[in-house]
Amino acid sequence: MKIVLEHLTKRFPNRNKKIKEDVVAVNDFNFTIPDGKLIGLLGPSGCGKSTALNLICGLEKPSEGKIFFGEKDITELPPEKRGVGLVFQNYALYPHLSVYDNIKFPLENLRGENKLTKEQMDKKIREAAKLVQIEELLDRRPNEMSGGQQQRVAIARALVKTPEVLLLDEPLSNLDARLRLQTREELKRIQQETGITTVFVTHDQEEAMSISDMIVVMKDGVLQQMGDPQSIYDEPANLFVASFLGTPQINVFTGCIKNEKVCIGDSVLLDAPGKDDLEVYVAIRPEGFVVDENGPFECTFVNREVMGRDTSLIVTHPEFIGEKIRAIIPSDEAVHEKDGKVRFSLKPKKVCVFDGETTERIML
Amino acid sequence: MKKNLTAWLCLLPAILFLGVFMVYPLIDVFVYSFEEGYNFASQSFWSVGFYNYSYVLHDPFFIQALKNTFIIVIITVPLSTGIALLISLELSSIKALRDLFQTIYFLPYVTNTLAVGLVFMILFKKTAYSDGLISILIQLFGGPSVDFIDGPYWAKMFVMCFYTIWIVMPFKILILTSALASVNPMYYKAAQVDNTPKWRIFYKITLPMISPMVFYLVITGFIGAFKAYSDEVALFGTDLNAAGMNTIVGYVYDMLYGNSGGYPSYASAAALILFAIVFTITTINLMVSRKTVYYQ
């Protein structure tokens, strides 16, 4: 089921009653989520991504705009009529019911022609349990299971009524690091097996990058960019997107464009045809540095961190915004250090230039 | 050893206090109940046996008190808990004026029992000047004049139960509203997304979640209703036997200090019978709860 958002806006009255202005949690969203894809809604906490999810789910009513599932306008429909499955951040498993009864719960609500017999329910429950691999846990209570297992139960409960759309609110945030890795693979597998259009909310860019077919990046209720993970990483639309995606973070410098050249301090780095006299931010991905004795970019050497496959060079530069620059280079590469200075040349594809005022990307 | 000594020293005041004012009297009551023909003044008795119990169980006043107590318990405990639950549900679903309603519902709890009794007199008692408000209302709709305080048994019992329910309700509402507030709203949202009908949300989610509190109210409600006495006095005066509205605790009191009193042995026997009843009911409650109450 394709999901279309049209001018979707959600305003909340300000908690502080003295401020008349409303808080805009979701500001004029326009995008289409294609059928059968796994979409990551990504943004820092408080950016309105959960609100966006609640709007799609129906737990919140939009202030303006419309939501379509397929061709059908469902803006006015209550959540129970939308046919969505929702997995809560804390899973919201009913603690007094066994796993089996938890998964059965949505099925028992079916009425009329959709009403199921006991055998049909049992079959569906076991299918859902098999899909998320919890068949042997059906008799347990939620508090007798690990976080990862509870999460699977929550997904099974959301999937058992075969929803058109599956929504997950920070599905992995309650899991420890290892389990998180494992579960996100699992999530991808389940989504691919079922082919249900799935939207999940996360503040973890790595999570979003690793499993999403498409990422929607938000900040302060405003859509920043959407696209497949690689293209967002390679071609960020603005400075925020560039610095939000990628670990280690992108290195941001203040610089300028003079005489059709991009410069940081005295170092002339790139050509900028047709541009002149601009204050800019220059952002360089950690993997964009190449150690080069004759390179144009000189930094002060601080430290090197060996990580096995690669090495992180920690360096500093007066124009850098932040504390230390991280350059990732292959471990076998020699570092020519001279008077505490290292010189780099840069991979042009890994360098992005942003307008000094608007922070929008300047295409070179 | 030294550690233990400190612990015992710390416990000493409590042990002494409980021993003198709780344990000793309990044992004493038990002993009294088997001493036949016990005389309080001379501290003497004829013999030891079950005569006191036999006397109490054959005393028509006791049978009447037993019957009254059971009727009060059976009617008021389920009704007050049920109504309190309904009111709490309503209270937690409204937003406007909730504090006001909460205060109103809680007022009877802080009002003096006897003052409340007076209000009930005005509502129900038939005097030379007035038939009582409720009776007047009944007559307005073409019914007979009913004297709720000195009239037929069912009328008196009605007032009694009404009064008991009214007086125990505030506490139950207080407990239940806070229990309802402590249920994570996330569960309701989850149920809503799954298209769960309202009654099913209540029955399958809300009720199990607040079941420990409901159970607590039922147990204390049972015990409280079995020990009813002061409310009866507030409505019908001290001569409860004459009114036919005595309760077991009332009977115990009468046996000790009433006009026909001065029989600590009979009183002890009656008290122990009450204890046996309360104990049995509470045990049954606990057994039922093991299957139905969910503890997180």
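Read on for an overview of the structure. (Residues numbered from 1 in each chain as written. Chains lettered and ligands numbered in written order. Predicted model: local features only at pLDDT ≥ 70, side-chain atom pairs only at ≥ 80, totals over all residues.)

This paragraph deals with the sheet that holds strand β11 (residues 251–258) of chain A. Residues and elements named next belong to chain A. In spatial order, the strands read β13-β12-β11-β14-β20-β21; together these 6 strands make up an open sheet with antiparallel pairing. Since the sheet does not close on itself, it has two edges, and those belong to β13 (267–271) and β21 (361–362), each with one partner. As paired strands, strand β14 (residues 278–284) and strand β20 (residues 351–355) are joined by 5 bridges and run antiparallel to one another. Bridging across to β20, V282 finds its partner in V353. (Pairing = 2+ DSSP bridges. Helix = DSSP H or I, 4+ residues; strand = E, 2+ residues; numbered from the N terminus.)

With that settled, the discussion passes to the interface of chain B and chain A. Of the residues lining the interface, 14 residues belong to chain B; the matching set on chain A comes to 15 residues. For the side of chain B that touches chain A, the elements supplying multiple residues, two or more each, are α8 (185–193) and α9 (198–226) of chain B. Looking at which element gives the most residues to the side of chain B that touches chain A, the answer is α8 of chain B, with 6 residues. Among the residues forming the side of chain B that touches chain A, the class breakdown is 8 nonpolar, 4 polar and 2 charged. (Contact = placed C-beta atoms within 7 Å. Nonpolar A, V, L, I, M, F, W, Y, C, P; charged D, E, K, R; others polar.)

So, on to the packing of helix α3 (residues 60–93) of chain B against helix α7 (residues 153–181) of chain B. Helix-helix packing is described using two parameters, namely the angle between the two axes and the distance between the axes. Residue and element names in this part refer to chain B. Two elements in contact, α3 and α7, have axes separated by 7 Å at closest approach and are oriented at 40 degrees. It follows from the interaxial angle that α3 and α7 lie oblique. Crossing geometry of α3 relative to α7 is assigned as right-handed. Classifying every residue of the contact of α3 with α7 gives 20 nonpolar, 7 polar and 1 charged. (Axes fitted to C-alpha atoms, helices over the stretch in contact; angles between N-to-C directions. Parallel < 35°, antiparallel > 145°, perpendicular 65-115°, else oblique. Left-handed = near helix turned anticlockwise from the far one by under 90°.)

Right, let's get into the sheet that holds strand β17 (residues 310–316) of chain A. All names here are of chain A. Strands sit in the order β15-β19-β16-β17-β18 across an open sheet of 5 strands; the sheet is antiparallel. Each end of this open sheet is capped by a strand with a single partner; those strands are β15 (289–291) and β18 (325–330). Here the strands of the sheet are splayed against their neighbours by 55 degrees on average, with no regard to which way each runs. When strand β16 (residues 297–306) meets strand β19 (residues 341–346), the two strands line up antiparallel, connected through 4 bridges.

Residue and element names in this part refer to chain B. Spanning 29 residues, helix α13 (residues 264–292) covers 41 Å between terminal C-alpha atoms, matching the ideal 42 Å at 1.5 Å per step. Within α13 the residues assigned to the buried category are P264, S265, Y266, A267, S268, A269, A270, A271, L272 and L274. Residues of α13 that are buried make contact with α1 (2–32), β1 (35–36), α2 (51–58), α3, α9 and α12 (248–257). (Expected span 1.5 Å × (residues − 1). Buried ≥ 20, exposed ≤ 12 C-beta atoms within 10 Å, placed from the backbone.)

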